[in-house]
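Observations on the model geometry
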Amino acid sequence: MRSHVGGGTVATCLTQHSDPTRVHPDVIIPESGSISLKLNYRNYAPTKSTTTRHNSQGHKQLQVYNRDTVLTIGQKLTGRACSSDGMGQRNHSNLVLSSHLPFQSLFLATSLLSIFPSHLPSNFSINRMEGSTGMSEAWPMVERNGTQLLTKDEPFVIHGFNTYWLMVFAVDPETRHKITDVFSEAKEVGLNTCRTWAFNDGGWRALQVSPFNYDEVVLQALDFVLSEARKHRIRLILSLCNNWSDYGGRSQYVKWGQESGLDLTSDDDFFSDTTLKSYYKGFIEAVLTRTNTITNIEYKNDATILAWEIINEPRCPSDPSGDTLQAWIEEMSAFVKSIDPVHLVQVGLEGFYGPSTPELMKLNPDEYSGVVGTDFIRNHQAPSIDLASVHIYPDVWLTHSDQDDHIKFVQNWMDQHMSDSKDRLNMPIVFAEFGISIRDERFGAGFRELFMDTVYGTFLRSLETGGPGGGCILWQLFPEGAEHMDDGYAVVLAKYPSTFSLVSLQSKRLSNGAST
């Protein structure tokens, strides 16, 4: 496990024969003192220009004097390299410091090279190269003005996709390239926003190992996701928790509470127990205040992030009045804003109407949807919420197989929510998940495209006639080679040329007056 502690500027290693577009941090340059380079060797093949030593504790040390190994900050420096145990020194006249590290370079397990810049002037400062983030100019934040989203006073419309597993794939060097692949494919068809998980609570590759205990390796994987998104000019909506048990979610918080001796009987206690809320607030603060080890930008100041989502698809059926969940939404959204008043915040609702609008509950897909503790109108009236969020899953919500009825439901569902977002809530609306499983024997790829075209067309017609801004986010986009993660909803554009064309066409429709 790598662990970077303390302040400083991130630097990394660049090898001549590696792909320079793949970035991975391995070095922290402290504000003063020595520069410690943690070289983690992966697929390492020894060369005559690399020597191996053991220090007095028997730990292997590697000294690299290969001319292909370059450490840069954008200018050449003269320095000396030596092992951390002081076992000799060697002049190294072409030493430079770099803010790039290809993920495919040779790094895997543990060696340490320390460089002592003893001849640097006292006023020397390290300036990061602009190329390390792939951005040649400032990238403006996405902002809200009433019902519209803007960047630099230009309209911004979300044309997006979900790929929830990016962070956990980024942990593993063997799968990390899939993050680059999916962003590249998304950019090719004009998609501009990705919604993904910024949480993994307990279990395999957990970001939050236990309350207030976070895995630095997984956090650096999340850093990589943000960095790659920024390079491809893809905005991110980062979800911070799950209502469901996948990736931990609220049930994991309840388990932690029970393990600590709390008398908890339901997953719904997540929304009301003071201790569990403190766990979640600690996690929020850890993520929002993190400084990205690749871009050196604090998350709360990073324009790559479009919005924070406080929980995916919350439900609290133990309190159908909605009071419990409403109090939690108000508290947590306000807490996010207290740390990060700049970024937008959304709840993550499915969009079910509740007790505050009984006349609209008939639009819900079934009666049960109205008593799960959520309330589309009331929940979005929380003062710190900026975006209305809605999901669309007729294949799950509607039990019958009549495709025409499914399409009518989608149109009515969207029209009512867009009307309410404009007239009752005065905020943009994000259809943050919409999808059809082609594993469902009632449907196939052809109906999925009809469904997608209905969602795209319904939103666009509303937008063109004065409806609220916001946008639509497909569930979900996969690159080739990740099909083992497919839950039936994956859209692999390379396998469906007509879907590729449909998404590209929507991009063109939105491009008139929309900023990216």
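All of these numbers come straight from a predicted model, not from anything done at the bench. (Residues numbered from 1 in each chain as written. Predicted model: local features only at pLDDT ≥ 70, side-chain atom pairs only at ≥ 80, totals over all residues. Heavy atoms only, no water.)

On to helix H11 (residues 497-511). Between its first and last C-alpha, H11 extends 21 Å over 15 residues, near the 21 Å set by a 1.5 Å rise per residue. When we look at burial in H11, the residues that qualify are Thr499, Leu502, Val503, Ser504, Gln506, Ser507 and Leu510. In the core, the buried residues of H11 are packed alongside strand S14 (158-162) and helix H10 (445-464). (Helix = DSSP H or I, 4+ residues; strand = E, 2+ residues; numbered from the N terminus. Expected span 1.5 Å × (residues − 1). Buried < 20%, exposed > 50% of the residue type's maximum accessible area, 1.4 Å probe, protein only. Contact = heavy atoms within 4.5 Å.)

The subject of this paragraph is the pattern of salt bridges. By the definition in use, this model includes 19 salt bridges. For Glu309, the salt bridge goes to Arg195, with nearest N and O atoms at 2.8 Å. Of this pair, Glu309 sits in strand S19 (residues 305-309) while Arg195 is found in strand S15 (residues 193-197), placing the two residues 114 residues apart along the sequence. Classification of Arg195 as buried rests on a relative accessible area of 0%. Note that Asp453 is salt-bridged to Arg509, the shortest N-O span being 3.6 Å. (Salt bridge = Lys/Arg side-chain N within 4 Å of Asp/Glu carboxyl O.)

Here the focus is the nonpolar core. Counting 112 residues, the largest nonpolar core has Phe183, Tyr280, Ile310 and Trp328 as the members making the most contacts within it. Not counting chain neighbours up to four residues away, the residues in contact with Tyr280 comprise Leu240, Cys241, Tyr253, Phe270, Ile310, Trp328 and Met332. By size, the runner-up hydrophobic cluster in this structure holds twelve residues, among which are Ile158, Ile237, Leu344 and Ala432. (Core = buried A, V, L, I, M, F, W, Y, C linked by side-chain atoms within 4.5 Å.)

All right, on to the environment of Ala327 then. Note that Ala327 resides in helix H6 (residues 323-339). Judged by relative accessible area, Ala327 falls into the partly exposed class, the value being 44%. Considering only alpha carbons, one finds Ala327 and Phe271, 56 residues apart in sequence, at a separation of 8.3 Å.

Mapped onto the elements, Val345 comes out in strand S20 (residues 344-346). The exposure class of Val345 is buried, given its relative accessible area of 0%. The sequence separation of Val345 and Ala334 amounts to eleven residues, and the corresponding C-alpha distance is 9.4 Å.

In this section: the sheet that holds strand S12 (residues 148-151). Judged by pairing direction, the sheet is antiparallel, and its three strands sit side by side in the order S11-S12-S13 without closing on themselves. Edge positions in the sheet fall to strand S11 (143-145) and strand S13 (154-155), since each has one partner strand and no second. As paired strands, S11 and S12 are joined by three bridges and run antiparallel to one another. Its bridge partner being in S12, Glu143 is matched across the sheet by Leu150. (Pairing = 2+ DSSP bridges.)

It is worth spelling out the sheet that holds S14 at this point. Strands in a sheet are paired, the pairing made by backbone hydrogen bonds, and the direction either parallel or antiparallel. Pairing is parallel in the open sheet, where eight strands are placed in the order S20-S19-S18-S15-S14-S23-S22-S21. Strand pairing shows two members of the sheet lacking a second neighbour, S20 and strand S21 (388-392), which therefore form its edges. Neighbour-to-neighbour, the strand axes of the sheet open up by a mean angle of 25°, direction not taken into account. Relative to strand S22 (residues 429-434), S21 runs parallel, the two being bridged by five bridges. Paired with Ala388 across the strands is Ile429, a residue of S22. On the sheet, helix H9 (residues 403-425) packs against S21 and S22 and is oriented at approximately 175° with respect to S21. (Axes fitted to C-alpha atoms, helices over the stretch in contact; angles between N-to-C directions.)

Let's shift gears to the layout of surface pockets. Estimated volume of the largest pocket: approximately 420 Å³. As for the largest pocket, its lining consists of 17 residues, and the residues nearest its centre are Trp244, Glu313, Glu433, Trp475 and Asp487. Tallied by class, residues from the lining of the largest pocket come to nine nonpolar, two polar and six charged. (1 Å grid on protein atoms, 1.4 Å probe; cavity = no way out; pocket = protein on both sides within 12 Å on 5 of 7 lines; lining within 4 Å. Points joined across faces, edges and corners; volume = space filled by probe spheres on them. Nonpolar A, V, L, I, M, F, W, Y, C, P; charged D, E, K, R; others polar.)

Another point: the packing of aromatic side chains. Inspection of the entire model under this criterion finds 30 aromatic pairs. When the ring of Tyr164 is compared with that of Trp475, the centres are 5.8 Å apart and the planes differ by 5°; the resulting orientation is stacked. Of this pair, Tyr164 sits in the loop between S14 and helix H1 (166-171) while Trp475 sits in strand S23 (residues 470-475), placing them 311 residues apart in sequence. Of the two residues examined, Tyr164 and Trp475, each falls in the buried class. Aromatic side chains Trp165 and Phe169 sit 4.1 Å apart centroid to centroid with 35° between the ring planes, which places their arrangement in the tilted category. Both residues of the pair, Trp165 and Phe169, count as buried. Here the aromatic residues Phe352, Tyr353, Phe376, Tyr393, Trp397, Phe409, Trp413 and Tyr489 are joined through ring pairs into a cluster of three or more. The side chain of Arg176 reaches across the aromatic face of Phe224, ending 4.3 Å from its centre. (Phe/Tyr/Trp six-rings, centres within 6.5 Å; stacked < 30°, edge-to-face > 60°. Lys NZ or Arg CZ within 6 Å of the ring centre and 35° of its normal.)

It is at 10 Å that the axes of helix H5 (residues 274-288) and H6 come closest, and there the two elements cross at 30°. With respect to their mutual orientation, H5 and H6 come out roughly parallel. Both H5 and H6 take part in a crossing whose hand is right-handed. Between H5 and H6, the contacting residues are Lys277, Tyr280, Lys281, Ile284, Glu285 and Leu288 on the first element and Trp328, Glu331, Met332, Phe335, Val336 and Ile339 on the second. Considered class by class, the residues forming the contact of H5 with H6 number eight nonpolar, no polar and four charged. (Parallel < 35°, antiparallel > 145°, perpendicular 65-115°, else oblique. Left-handed = near helix turned anticlockwise from the far one by under 90°.)

Structurally, Arg315 is set in the loop between S19 and H6. When residues no more than four places from it in sequence are discounted, the contact partners of Arg315 are Asn243, Trp244, Arg250, Asp268, Phe271, Glu350, Phe352, Tyr368, Val372 and Thr374.

Moving on, we get to the confidence of the model for the protein chain. Summary statistics for the protein chain give a mean pLDDT of 79 and a share of 72% for residues scoring 70 or more. Below a pLDDT of 50 lies the segment residues 1-136, which in the model reaches 292 contacts outside its immediate sequence neighbourhood of four places, other chains included. (pLDDT = per-residue confidence, 0-100.)

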